[in-house]
Each structure stands twice: as structure tokens, then as C-alpha cells.
Amino acid sequence: EMPFSEWRPNVLRDVQALCARGITPVIAHIERFTEIATRDQMQQLMNMPVIIQVNAGNFNRHGADKRFAVKLLSNGTMQAIGSDAHNMTSRRPNIGPALGYMEDAGYEREMLRILSMNRKIYEAAIAAPKTAKTAGPIGQTQDVKPAGANDGRTEHKKKRPDIDDAFLKFRF
């Protein structure tokens, strides 16, 4: 996940280093960084071979968040959509209303492109090896086992891969 504080020069270098290794970072909730990163940093990031994900909730709001989300949708920068759901009570999945907005506003082609990318991300997550490299802070990787992996010592409850996870990395 991108830092929620001022971006130091190494942040974009670290993202570029991941890309150079054949890893395609998913930049989750890009809209949260407009007040943190400079305009130049945001442009550099969006010009990298990354996937730009926007949270669905922005399409259900009014004001600057919605305008930014619609701009990224209409100019083709938005490549994936996420719910930012954390549970089924206080932060429930909310992609349906956003897709309804896209359809009603005439963005059907963009919506289908975005849903296709979400499917590719999900399929890549399922196909990922049992032990994968994932990023901690940008540029630092560690070996991790996916949710549900049994290390032989304890039994883990199986969980679905989280397609909104900012640490999801895959290769095309």
C-alpha cells in the first residue's frame, strides 16, 4: 500500500523496481493520495505499468471524491474497482451501486473493461503459488502463505483471496 504520509523520493523508485522485476502492483484506492502526493508524483505513478484501483464508494458520494473517480473512469486511468469492504456489517461490499452509476451514466464500455481486469486479478490470485512474495512497506518483500494455507502445525480456516488487497501482485 502506498504511504499515507508525504511520499519520499524512494517511494516511486520502489514501485518502479517492482515493475522492473515483472511484478504488476495494484495501486489501491488511488483517490486517497491526492492530498499526500504531489501532482507530479501522481502523474509519474499513473504512467508506470501499474493497475489503478478506485474504491466503489466514491461513485456513491458527492463532491471532489466523486469527480476524481469519474475523471479516472472517463479517461481510462481507472483499471479496477474495489469495495474496500472489511466486513459484512460496518464496511460492507458496495460495488453494485457504483456499477449502477457507471451504467446509468453511459460508462458501460468502461465498466466492462474494469470488470474484466478485476476478473484477471482474481484469477491471478487463485493461480498464485502456495508461497508468494508480497510487499510490506513498498519495496520490502517477505515470504507469506496465502490465507487458508496449512503449515502442518495448526489448522487455518480457509478464506477467499481479497481482490481489493493492495499487496496483490501478479504477472501477465
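Summary of the structure given here. (Residues numbered from 1 in each chain as written. Predicted model: local features only at pLDDT ≥ 70, side-chain atom pairs only at ≥ 80, totals over all residues. Heavy atoms only, no water.)

**What about the environment of Pro49?**
Looking at the secondary structure, you find Pro49 in the loop between helix H2 (39–46) and strand S2 (51–55). For Pro49, the residues in contact, after removing those within four places along its chain, are Cys19, Thr24 and Pro25. (Helix = DSSP H or I, 4+ residues; strand = E, 2+ residues; numbered from the N terminus. Contact = heavy atoms within 4.5 Å.)

**Looking at the nonpolar core**
Formed by 31 residues in total, the largest nonpolar core has its most connected members in Met2, Trp7, Ile30, Leu45, Phe59, Met78 and Met102. Of all elements in the fold, only helix H1 (9–20), H2, S2, helix H3 (64–74), helix H4 (95–104) and helix H5 (108–127) reach the threshold of two or more residues within this core. Top contributing element to this core by residue count: H3, with five residues. Here Phe59 is in contact with Val54, Lys66, Ala69, Val70, Leu73, Met78, Ala98, Tyr101 and Met102, once residues within four sequence places are set aside. Grouped together as the second largest cluster of nonpolar side chains are five residues, Val26, Ile51, Met117 and Ile121 included. (Core = buried A, V, L, I, M, F, W, Y, C linked by side-chain atoms within 4.5 Å. Buried < 20%, exposed > 50% of the residue type's maximum accessible area, 1.4 Å probe, protein only.)

**Some words on the packing of aromatic side chains**
The tally for this structure, following the rule as stated, stands at three aromatic pairs. Look at Trp7 and Phe33: their rings are 5.8 Å apart centre to centre, the planes differ by 55 degrees, and that puts the pair in the tilted class. Residue Trp7 is found in the segment before H1, and its partner Phe33 is found in the loop between strand S1 (24–27) and H2; the two are separated by 26 residues along the sequence. Grouping residues by exposure puts Trp7 and Phe33 together as buried. Three or more aromatic residues joined by ring pairs form one cluster here, namely Phe4, Trp7 and Phe33. (Phe/Tyr/Trp six-rings, centres within 6.5 Å; stacked < 30°, edge-to-face > 60°.)

**As for the side chain of Asp84**
Structurally, the position occupied by Asp84 is in the loop between strand S3 (80–82) and H4. Within the local environment of Asp84, its side chain forms a polar contact with the side chain of His86, the two groups lying 3.5 Å apart. A distance of 2.6 Å separates a polar atom in the side chain of Asp84 from a polar atom in the side chain of Arg91. (Polar contact = N/O pair within 3.5 Å; in protein donor to acceptor, adjacent residues only side chain to side chain.)

**A word on the packing of H4 against H5**
Look at H4 against H5: their axes get within 7 Å of each other, and the N-to-C directions meet at 145 degrees. Here Leu99, Met102 and Glu103 of H4 come into contact with H5, specifically with Glu108, Met111 and Leu115. Classifying every residue of the contact of H4 with H5 by side-chain character gives four nonpolar, no polar and two charged. (Axes fitted to C-alpha atoms, helices over the stretch in contact; angles between N-to-C directions. Nonpolar A, V, L, I, M, F, W, Y, C, P; charged D, E, K, R; others polar.)

**With respect to the pattern of salt bridges**
According to the stated counting rule, one finds three salt bridges in the structure shown. Between Asp84 and Arg32 there is a salt bridge, with the nearest N and O atoms lying 2.3 Å from each other. Of this pair, Asp84 sits in the loop between S3 and H4 while Arg32 is found in the loop between S1 and H2, placing the two residues 52 residues apart along the sequence. According to the relative accessible area criterion, Asp84 is buried, its value standing at 15%. Taken together, the salt bridges that share partners define one network made up of Arg32, Asp84 and Arg91. (Salt bridge = Lys/Arg side-chain N within 4 Å of Asp/Glu carboxyl O.)

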